[in-house]
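# Observations on the three-dimensional arrangement
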Amino acid sequence: MAVSKRYAARRLAVQALYQTQLNERDIETLLAQFRQDQGYPGADAEYFEGLLQDAFGARDMLDDDIRSYGDIAPEQLDPVERAVLWVALTELRLRADVPVRVVLNEAVELAKQFGAEGGHRFVNGLLDQAAASLRAARA
């Protein structure tokens, strides 16, 4: 299956945000590390770097979104699902050019690929509520 450059960028961002939950790193260290990742050449590098910087800097706000739209505290989530939500919520908040359907579909796919069994259902439900609210507020 061919992977789009944007999907590859999202996947790298999820991996970087997952990693920072396990071992806090500054953004420059994360960027330097992931520029060396074997998946980096296949990703939209500009999109990855912008998405990672935006999500990394907004983690507290994104956790507030998780509290608002979900029923599990961010700290209790599987780190993969939390990272997926950070990426998707960043796109919903800051990337109006990305259709809601794309944000949700790609987040669910990433949760299925890397997350706990059934975690994609929680991700989908939370993002569905968040999209209705966040994108409606923009309109």
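Above this text is the structure in question.
Cut-offs used in this document
Residues numbered from 1 in each chain as written. Predicted model: local features only at pLDDT ≥ 70, side-chain atom pairs only at ≥ 80, totals over all residues. Heavy atoms only, no water. Core = buried A, V, L, I, M, F, W, Y, C linked by side-chain atoms within 4.5 Å. Buried < 20%, exposed > 50% of the residue type's maximum accessible area, 1.4 Å probe, protein only. Helix = DSSP H or I, 4+ residues; strand = E, 2+ residues; numbered from the N terminus. Contact = heavy atoms within 4.5 Å. Salt bridge = Lys/Arg side-chain N within 4 Å of Asp/Glu carboxyl O. Arc of directions from axis to C-beta. 1 Å grid on protein atoms, 1.4 Å probe; cavity = no way out; pocket = protein on both sides within 12 Å on 5 of 7 lines; lining within 4 Å. Points joined across faces, edges and corners; volume = space filled by probe spheres on them. Nonpolar A, V, L, I, M, F, W, Y, C, P; charged D, E, K, R; others polar. Expected span 1.5 Å × (residues − 1).

### Details of the nonpolar core
Phe48, Leu85, Leu89 and Leu127 are the most contacted members of the largest nonpolar core, which has 47 residues in total. Elements that contribute at least two residues to this core include exactly α1 (5-22), α2 (27-35), α3 (45-57), α4 (59-69), α5 (79-94), α6 (100-114) and α7 (119-138). The dominant element in this core, judged by the number of residues it contributes, is α5, at 9 residues. Every residue in contact with Leu89, bar those within four places of it in the chain, is listed here: Leu62, Asp65, Ile66, Leu126, Leu127, Ala130 and Leu134.

### Looking at the pattern of salt bridges
This structure, assessed with the given rule, holds 11 salt bridges. Salt-bridge contacts for Arg67 lead to Asp64; the nearest nitrogen and oxygen are separated by 3.0 Å. Highlighted residues: Arg67 and Asp64, both in helix α4, separated by 3 residues, approximately one helical turn. Note on Arg67: relative accessible area 40%, which makes it partly exposed. Since its relative accessible area comes to 42%, Asp64 is described here as partly exposed. For Arg93, the salt bridge goes to Asp65, with nearest N and O atoms at 2.7 Å. One end of the pair, Arg93, is in helix α5; the other, Asp65, is in helix α4, with 28 residues separating them in the sequence. Residue class for Arg93 comes out partly exposed when judged on its relative accessible area of 25%. Overlapping salt bridges bring together Arg10, Glu91 and Glu106 as one network.

### Observations regarding α4
Restricting attention to buried positions, one finds in α4 the residues Arg59, Leu62, Asp63, Asp65, Ile66 and Tyr69. Buried residues of α4, viewed axially, fall in a sector of 150 degrees; they line one side. Of the exposed residues in α4, the ones pointing more than 90 degrees away from its buried face are Asp60 and Ser68.

### Section: empty space enclosed by the protein
Applying the stated criterion across every chain yields a total of 1 cavity of 30 Å³ or more. Space inside the largest cavity adds up to approximately 40 Å³. For the largest cavity, the full set of lining residues is Arg10, Val84, Val87, Ala88, Glu91, Val103, Glu106, Ala107 and Leu110. A breakdown of the residues in the lining of the largest cavity according to their chemical character gives 6 nonpolar, no polar and 3 charged.

### Points about α3
The terminal C-alpha atoms of α3 lie 18 Å apart, and with 13 residues this matches the ideal 18 Å at 1.5 Å per residue to within 8%. Listing the buried residues of α3 in full gives Tyr47, Phe48, Glu49, Gly50, Leu51, Leu52, Ala55 and Phe56. Tucked into the core, α3 has its buried residues touching α1, α2, α4 and α5.

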